[in-house]
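# Structural description and commentary
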There are 2 protein chains.
Amino acid sequence: MGYKPYKGFEPKWVITPAASDSYRSIFRWGDPDFFKLPKESLYRMMKDRLGLSDDAFCSYAMDTGFARVDLHGQYPPHMADEHLDYFRSIYGHDMSQLDYDRLSVMYGQTCYDLLRLREHKYDSLPDVVLYPSSSDQIQKTVTYCAAHNIPLYVYGGGSSVTRGVEPVKGGVSLDMRRKFNKVLYFNEVDQTVTVQAGISGPEFEHHLNNAVKEYGAKRAYTCGHFPQSFEYSSVGGWVVTRGAGQNSTYYGCAADLVVQQKYATPRGEVLTSHYPREATGPNLNQIMMGSEGTFGVLTEVTMKVYRYMPENRKRYSFIFRNWHDAMSAAREIMQRECGFSSVFRLSDEEETNMMLRLYNVDDTPLQPMLEKLGYQDMQRCLLLGFTEGEKGYSKNVYKNIRKICHAYGAMSLTGYVCRSWEKGRFNDPYLRDTIMDFGVCVDTLECCVNWSNMEKVHREVRKICHERPNTIVTTHMSHCYPQGANLYFIFLTKVEDSADFKRFLNTILDAIQRSGAAISHHHGIGKMFAPWIEGSLGETEYGVFKVLKDYFDPNYTMNPGGTIGLDLSEEEKRKLRNGYHDGYNTKAWDDVIHYHGKDDFLE
Amino acid sequence: MGYKPYKGFEPKWVITPAASDSYRSIFRWGDPDFFKLPKESLYRMMKDRLGLSDDAFCSYAMDTGFARVDLHGQYPPHMADEHLDYFRSIYGHDMSQLDYDRLSVMYGQTCYDLLRLREHKYDSLPDVVLYPSSSDQIQKTVTYCAAHNIPLYVYGGGSSVTRGVEPVKGGVSLDMRRKFNKVLYFNEVDQTVTVQAGISGPEFEHHLNNAVKEYGAKRAYTCGHFPQSFEYSSVGGWVVTRGAGQNSTYYGCAADLVVQQKYATPRGEVLTSHYPREATGPNLNQIMMGSEGTFGVLTEVTMKVYRYMPENRKRYSFIFRNWHDAMSAAREIMQRECGFSSVFRLSDEEETNMMLRLYNVDDTPLQPMLEKLGYQDMQRCLLLGFTEGEKGYSKNVYKNIRKICHAYGAMSLTGYVCRSWEKGRFNDPYLRDTIMDFGVCVDTLECCVNWSNMEKVHREVRKICHERPNTIVTTHMSHCYPQGANLYFIFLTKVEDSADFKRFLNTILDAIQRSGAAISHHHGIGKMFAPWIEGSLGETEYGVFKVLKDYFDPNYTMNPGGTIGLDLSEEEKRKLRNGYHDGYNTKAWDDVIHYHGKDDFLE
């Protein structure tokens, strides 16, 4: 894959596929035969910025997880035989209490999860794993669990970075990947597709791309939803967490793509309506999305689909002199009313520095040229993306972007950088596993911000991150709107252990909230951000979640143990926050900004 | 205004301005000095289709309402002095118990309301009318009313067609028009504006159009929301009912335009968050919108605004050979991914017949030419609209529409018809008052439909309407999406009285629901459609509304008496439905359609 061996010292990166019964096969991302290694310039930068020498890469800092999974009978499942008998009557052989199967649905994909697995910390083993293949099985399971006070969890793609899937109270985990992944209806007239919630991103997209052959459709379609976790995420997970894909600026977030949802709840089946708009009271689709398994299990979902027209894609990349100019241009592009770019990703100065390495621009003659033209390292900012849609639409968006970028002093780097980014867009998580063997952790936190507060959030969150010595913090916006954008923070740092990591994460989360941003743009809340949510929304406002919970799941058996904060005591919340405050009343516009026509943001 | 006196018999249309203290000044639409009369060809068509002769227009069929409002002490307000004293302590002189003031907030604008006023039926007089000027006053009033079990209603623009504003249990009505209409913040960076909920459409738009002068902004803006009731509607009303403007295909419905809302509820102030997107649990903005005053009073709202660029507008109109071709083209336009038209209005055959008269095409040489070219009367369908946005965007949408229309056999009628429509777009309600003096009622019902069910809903609802003898039923879609559109039914018929009208309305509502459409696309539910909503959504699903109600307003003092069905017994619902069924389980896709690639809709 174009990987060049180092000229100097090179760490012994793990490039042996882990056996399918090993710990590593669980915590490692994706395809066991695929590896991604940092190239030499990136390795050097990492050492430099993290204050490490080659010594730190001479031996593994933590368990590489090649051993066979075996709990040695230390964590036996607790589940009464009568319950197991009942589940057997529904699932037959599609259930398991094996160590490996229980372990493989225990955690998601935040570094906190991966570190705990490497540390052999088994905080949240389910007692039994069920493999549903029908909505009916799931409804029966939900009803039974509610009646018998058995905690019920759902494992979709397993790419949660918020501890959303973690069965902290044991009980049942529904592993949706194996058998609950079919397309139920393809409706070309309405351009909608109904699927079982466990279908994976690639399976879903494959069916749509092949609609002509598979369904006798007139043309091919696309789902338009491509999160970085795409290859190992499930459609159900996108929906219940309100996820967003890297192409959301054009296609919308999951919440914009959903047409209809069916849930199995303790109160029975809940089916939302399927109209493009309606004025029939509070919107039930919008109530169920974001419930993250706490009201019930999403079983079936109807999604909008789009025409597959990759031939109309126009790729671009531009380099700006600084973050202020770049951000101003991004805002102008979003407010121009010229249509929206599909991928639209703007990196700040620190991320640009890394991106140019990661995407091989440092090997090209561009690098010295940029400096000469006044685009200085650690000041310059990279915008990349591509437009889509009907040919004229795509072209018009591109033309406007080009025009605005030039007006804000940017220089085109052509489509080359975008293509490099595309190559890596789904496989960067592999790089994370490679360096974590040496104790270097990469993780992310992301939030949503209005334009008028963007500079402040960017400045304050980075400042807090950099208070940890030897830390790289890169930031981009990748989901943009006329009223604001997300800010996505990626941090690299050497950590002691999972507890050290969690403390650092809490520090950043606190900074995000204090600076006036939404504590999640598209990762959801899960159990990890839960201690902050009531403070973030307000007490009366958050109370709405509680009455909805009481309605759907009065026995609190659905994803219990703190998901979106529903069953946490004040004491537990305080403890989980590590002493951080729970809210900063940042909702009132006049606290954040107070414009009466005066625009001190732009120019 | 280009009105030509008739050559034959002409009814004595009322063209005398009603005194400002008269009944007519209350039930009549808008400006007392503005009149709209049917031109002769329209009058002839009306007589013909309604089976009426000139005789029916020789004398007024109902009270024209020129008398001074006077209840002769027959309906005295009931309100304890201590309550009045309390309100006086907050409102000073900004309150009233005068007959006129009570009457003027009693009803909205459905024919059922206008007929009842002409019949001097005083079903729902409030006991006191309050004129708030601050959110603080409103919160105090809400808290007090909840504590003392006083029913509380809100009168915004008064253009409700669902009995949404009607104080059926007396008590307090907050009349928002007079003093609660200020712009609070103008934020050009985020392109948002925060207003008091009582501000009217034209006031709001005026501030935005004049932002350069008023706020020192860089450019002018527009709200993008123009319902037919625009001139006499309030921004708060748009939001709490989930309204939509005639330009919604481009700008979105009210629910898409809202950024943040503040409510005064019995549980205290509720402030939603203001981010462009967030993944922080169920969406509170979407829970409060559609609550129609039953959870609390919307006091302040932040709306997105758009750049005002009328110079980029491209007007068009096309005539199709039939409804099937026209609808297929509309769907193709919506699914093309070329951007969206601002106004996009497709009339069916019966509406086209009327539109060509109403917009003066019947006076032009076009009329005979159309017949010759195979566009037959009562088969041909008219599409009109205009595109907006950035110049290249607007042009590209227009080009695609033109191309698709031609591909479906349509002929361009140029921008002329669209301009004619624009002239009448806000003043057609005046015409309604003119003919109602003779007992001829015009009213509307509208719904939302997926493309795959469009032909059926159109056919079945029209069939039911036409079962009433001598009835004109025109239909259009005016809010379109890739997955479907609204269907908007306008019916003209001679009625006996308000009870007769209501029976007919229920018949149509029932047909809408039975055919598988959402019972409201943008008019809301109010008290009139309320008996149908639980059946439409499902029992478990509707239960969500009840728990939200119990949470926000445990004493049921907020817009009580059936609004969105919250405090109706089964017995009351049955009675209000006139014997109609309450639901038809039309939510499941597979009940309505079952496509596996087979597309028998298009071609």
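In case you missed it, the structure is sitting above this.
The notes below deal with the structure included here. Please read all numbers here as calculations on a predicted model, not as lab measurements.

## Details of the overall build of chain A
Of regular secondary structure, chain A possesses 24 helices and 19 strands. In summary, chain A has a C-alpha radius of gyration of 24 Å against a globular reference of 25 Å for 603 residues, a match within 12%. Taken along the three principal axes of its C-alpha coordinates, chain A extends 75 × 60 × 55 Å. Looking at chain A as a whole, 68% of its 603 residues are labelled buried. At a minimum sequence separation of 6, the contacts of chain A that also span at least 24 residues come to 77%. Total accessible area on chain A is roughly 20300 Å²; 50% of this is exposed by carbon and sulfur atoms. Between the averaged position of the 69 positive side-chain charges in chain A and that of its 76 negative side-chain charges there is a distance of 5 Å.

## Some thoughts on the packing of helix 3 (residues 81-91) of chain B against helix 6 (residues 135-147) of chain B
Residues and elements named next belong to chain B. One can describe the packing of helix 3 onto helix 6 by two numbers: an axis separation of 10 Å at closest approach and a directional angle of 165 degrees. Classed by the angle they form, the pair helix 3 and helix 6 counts as roughly antiparallel. Here helix 3 and helix 6 pass one another in a crossing that is right-handed. In this structure, helix 3 uses E82, H83, Y86, F87, I90 and Y91 to contact helix 6, whose residues at the interface are Q137, I138, K140, T141, Y144 and C145. For the contact of helix 3 with helix 6, a count of residues per class yields seven nonpolar, three polar and two charged.

## Some details on the sheet that holds strand 3 (residues 152-155) of chain B
Residue and element names in this part refer to chain B. Within the open sheet, the four strands sit side by side as 1-2-4-3. Their pairing is mixed. At either end of the open sheet lies a strand with only one pairing partner, and these are strand 1 (95-96) and strand 3. As paired strands, strand 2 (residues 128-130) and strand 4 (residues 172-175) are joined by three bridges and run parallel to one another. For V128, the partnering residue across the bridge sits in strand 4 and is V172.

## Quick word on the packing of aromatic side chains
Counted by the stated rule, this structure contains 61 aromatic pairs over all chains. Arranged with centres 5.3 Å apart and planes meeting at 75 degrees, the rings of W29 of chain B and Y232 of chain B form a pair that is edge-to-face. With W29 of chain B in the loop between helix 1 (24-27) and helix 2 (40-50) and Y232 of chain B in the loop between strand 7 (221-222) and helix 9 (235-240), this pair connects stretches of sequence that are 203 residues apart. The exposure class of W29 of chain B is buried, given its relative accessible area of 4%. Overall, Y232 of chain B belongs to the partly exposed group, its relative accessible area being 32%. Linked through ring pairs, Y250, Y251, Y306 and Y393 of chain A together with Y250, Y251, Y306 and Y393 of chain B together constitute an aromatic cluster. If you follow K549 of chain A out to its NZ or CZ, it ends over the ring of Y556 of chain A, 5.0 Å from the centre.

## Observations regarding the relation of the copies chain B and chain A
Structural alignment of chain B on chain A gives an RMSD of 0.0 Å, achieved by rotating through 180 degrees and translating 0.0 Å along the axis. Given the turn and translation reported, the copies of this chain are related as if by a two-fold rotation axis. When the interface residues of chain B are mapped onto chain A, 100% of them again lie at the interface, so the same face is used by both copies.

## Comments concerning the nonpolar core
Core analysis: the largest hydrophobic core is formed by 285 residues, its most contacted members being F87 and M477 of chain A together with F87 and M477 of chain B. Ignoring any residue separated from it by four or fewer positions in sequence, one finds F87 of chain A in contact with M79, G92, M95, V128, L130, T141, Y144, C145, I150 and V172 of chain A.

## Some points on the pattern of salt bridges
All names here are of chain A. Counted by the stated rule, this structure contains 72 salt bridges over all chains. Ionic pairing is found between R462 and D348, a salt bridge with its closest N-O pair at 3.4 Å. Here R462, found in helix 19 (residues 454-466), pairs with D348, found in the loop between strand 13 (343-347) and helix 14 (349-358); they are 114 residues apart in sequence, far enough to count as distant. Here R462 and D348 have matching classes, each one buried. Taken together, the salt bridges that share partners define one network made up of R49, D348, E349, E350 and R462.

## Re the environment of R163 of chain B
Residues and elements named next belong to chain B. Its location among the elements puts R163 in the loop between strand 3 and strand 4. Given the relative accessible area of 10%, R163 is considered buried. What R163 contacts, discounting residues up to four positions off in sequence, is T110, Y112, D113, R116, V168, K502, K527 and M528. At a separation of 2.7 Å, a polar atom in the side chain of R163 contacts the side chain of E166.

## Some thoughts on unusual backbone geometry
Residue and element names in this part refer to chain B. Phi angles above zero are rare outside glycine, and Q191 is one such case at about 50 degrees. Considering the arrangement of structural elements, one finds Q191 in the loop between strand 5 (183-187) and strand 6 (192-196). Residue classification places Q191 among the buried positions, given a relative accessible area of 3%. Positive phi, normally seen in glycine, also occurs at N559, with a value near 45 degrees.

Rules used throughout
- Residues numbered from 1 in each chain as written.
- Chains lettered and ligands numbered in written order.
- Predicted model: local features only at pLDDT ≥ 70, side-chain atom pairs only at ≥ 80, totals over all residues.
- Heavy atoms only, no water.
- Helix = DSSP H or I, 4+ residues; strand = E, 2+ residues; numbered from the N terminus.
- Rg over C-alpha atoms; globule rule 2.2 N^0.38 Å.
- Buried < 20%, exposed > 50% of the residue type's maximum accessible area, 1.4 Å probe, protein only.
- Contact = heavy atoms within 4.5 Å.
- Areas by Shrake-Rupley, 256 points an atom, 1.4 Å probe, with all protein chains shown as cover.
- Lys, Arg positive; Asp, Glu negative; His and termini not counted.
- Charge placed at Lys NZ, Arg CZ, Asp CG, Glu CD.
- Axes fitted to C-alpha atoms, helices over the stretch in contact; angles between N-to-C directions.
- Parallel < 35°, antiparallel > 145°, perpendicular 65-115°, else oblique.
- Left-handed = near helix turned anticlockwise from the far one by under 90°.
- Nonpolar A, V, L, I, M, F, W, Y, C, P; charged D, E, K, R; others polar.
- Pairing = 2+ DSSP bridges.
- Phe/Tyr/Trp six-rings, centres within 6.5 Å; stacked < 30°, edge-to-face > 60°.
- Lys NZ or Arg CZ within 6 Å of the ring centre and 35° of its normal.
- Least-squares fit on C-alpha atoms with pLDDT ≥ 70 in both.
- Core = buried A, V, L, I, M, F, W, Y, C linked by side-chain atoms within 4.5 Å.
- Salt bridge = Lys/Arg side-chain N within 4 Å of Asp/Glu carboxyl O.
- Polar contact = N/O pair within 3.5 Å; in protein donor to acceptor, adjacent residues only side chain to side chain.

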